[in-house]
Amino acid sequence: MADKNNDKKYELEVVSFQEDGVWIVQCFNKDIASFGKTEDMAIESFSKIVKGQTYFDEKRGMEPLSSTPKTPTHVINEIKRINGLIKYLAVIYSDSNEVEVNKLVA
């Protein structure tokens, strides 16, 4: 495993919320979303999606997530209206292909 201190880092603004009994995790920087029965399951799913996309892009000689479109502004605006959003910062360490998702304190 590579030393994360020497890895190139990419940060993503992420939120989670519950809708109709399902937890949703949505990234604001890139159009990536995941779902789960619990918040932890949705975050784990999000991490796997980001790891897979990062790996795919780097294998093609591209920057991580460069092939993933930005989240449309209207989607971000709609989500920001939801009460009870939980904010996270996701950090991608490109050389080790690790993703950390940390809750931000309000």
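That block above? That's the structure.
All figures in this text were calculated on a predicted structure; none of them were measured in a lab. (Residues numbered from 1 in each chain as written. Predicted model: local features only at pLDDT ≥ 70, side-chain atom pairs only at ≥ 80, totals over all residues. Heavy atoms only, no water.)

Trainee: Outline the nonpolar core, supporting the account with residue identities and numerical values.
Mentor: Grouped burial of nonpolar side chains is what soluble globular proteins tend to show. In terms of nonpolar packing, the biggest core is built from 17 residues, with Leu12, Val14, Phe46, Val50, Ile92 and Val101 touching the most fellow members. Elements represented by at least two residues in this core include exactly strand 1 (9–19), strand 2 (22–27), helix 1 (39–59), strand 4 (86–93) and strand 5 (98–103). Core analysis: the second largest hydrophobic core is formed by six residues, Phe17, Ile24, Ile76 and Ile79 among them. (Core = buried A, V, L, I, M, F, W, Y, C linked by side-chain atoms within 4.5 Å. Buried < 20%, exposed > 50% of the residue type's maximum accessible area, 1.4 Å probe, protein only. Helix = DSSP H or I, 4+ residues; strand = E, 2+ residues; numbered from the N terminus.)

Trainee: Go over the pairing of strand 5, please, and point to the residues and values.
Mentor: Note that strand 4 and strand 5 share six bridges and pair antiparallel. Paired with valine 91 across the strands is glutamate 100, a residue of strand 5. The antiparallel pairing of strand 4 with strand 5 creates a hairpin that spans four residues between the two strands, and asparagine 97 there sits at a positive phi of about 50°. (Pairing = 2+ DSSP bridges.)

Trainee: Which residues make up the environment of serine 47, and what are the values?
Mentor: Among the secondary structure elements, serine 47 is positioned in helix 1. Residue class for serine 47 comes out buried when judged on its relative accessible area of 9%. The contacts of serine 47, once residues within four sequence positions are left out, are Val99 and Val101. (Contact = heavy atoms within 4.5 Å.)

Trainee: Outline the pairing of strand 1, supporting the account with residue identities and numerical values.
Mentor: Note that strand 1 and strand 4 share eight bridges and pair antiparallel. Paired with valine 15 across the strands is lysine 87, a residue of strand 4. As defined by bridge partners, strand 1 adjoins strand 2 across six bridges and the pair is classed as antiparallel. Along strand 2, the bridge assignment pairs phenylalanine 17 with isoleucine 24.

Interpretation note: all reported values are geometric properties and have no functional meaning in isolation.
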